Amino acid sequence: MEVICIEEDAFYALFNKVVDHIGQQNKTETWKWVDGETAMSLLNISSKTTLQKLRDEGKIRFSQPQPRVILYDRNSINDYLETNARETF
């Protein structure tokens, strides 16, 4: 077993670099437009029919850039959830 000794300042400098590196890797960029699977996950639903119903009733915004591609506006999903939130007692 090898023992490596470093000065305290060097240790904390290395530690801060590791923390910064991990923080950069864990940053998830949130996209304004999400696919159907992500939309269903955000809404906690498992049915594509329910997602289509919300879309057809105008409760959530969507975009269809190509014939078979439908993207959903993350902000409208959050607004829909906030609109239906109930206050606690």
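See the structure above.
As the structure is a prediction and not an experimental result, all values here were calculated from the model.

Rules behind the numbers
- Within each chain, residue numbers correspond to sequence positions counted from 1 in written order.
- Reporting in this predicted model follows two pLDDT cut-offs: at least 70 for local features of residues, and 80 or more for side-chain atom pairs to be given and counted; totals over whole chains, interfaces and linings ignore these cut-offs and use all residues.
- Side-chain metrics in this entry use all non-hydrogen atoms of the structure; hydrogen atoms and water are not considered.
- In this analysis, rings of Phe, Tyr and Trp, with Trp reduced to its six-membered ring, are considered paired at centre separations within 6.5 Å, and the interplanar angle assigns stacked below 30 degrees, edge-to-face beyond 60, and tilted for intermediate values.
- Numbering goes from the N terminus for both helices and strands, where a helix is a DSSP run of H or I of at least four residues and a strand is a run of E of at least two.
- The classification of residues rests on relative accessible area computed with a 1.4 Å probe and restricted to protein chains. Under 20% of the type maximum is buried, over 50% is exposed, and intermediate values are partly exposed.
- In this analysis the charged atom, NZ for Lys or CZ for Arg, is taken to sit over a ring once it is within 6 Å of the ring centre and within 35 degrees of the ring normal.
- The charged-residue count follows a simple rule in which Lys and Arg add positive charge and Asp and Glu add negative charge, with His and chain termini not counted at all.
- For this analysis, a salt bridge means a side-chain nitrogen from Lys or Arg found within 4 Å of a carboxyl oxygen belonging to Asp or Glu.
- When checking whether two residues touch, look at their non-hydrogen atoms; a contact exists if any pair is within 4.5 Å.

## Considerations on the packing of aromatic side chains
The final tally for this structure, using the stated rule, is two aromatic pairs. Taken together, a centroid distance of 6.3 Å and an interplanar angle of 25° make the contact between Phe11 and Phe15 stacked. Of this pair, Phe11 and Phe15 are both found in helix α1 (residues 8-26), four residues apart, which corresponds to roughly one turn of the helix. The partly exposed category is assigned to Phe15, whose relative accessible area is 45%. Site record: aromatic cluster; members linked through ring pairs are Phe11, Tyr12 and Phe15. Here the basic side chain of Lys32 rests over the ring of Trp33, its NZ or CZ set 5.7 Å away from the ring centre. Sitting over the ring of Phe62, Arg55 keeps its end group 5.4 Å from the ring centre.

## Some words on the side chain of Arg55
Relative to the helices and strands, Arg55 is located in helix α3 (residues 48-56). Salt bridges are absent for the buried Arg55, whose nearest opposite-charge side chain, Asp56, sits at 4.1 Å. Sequence-distant contacts of Arg55, that is, excluding residues within four places in its chain, are made with Ile60, Phe62, Ile70 and Tyr72.

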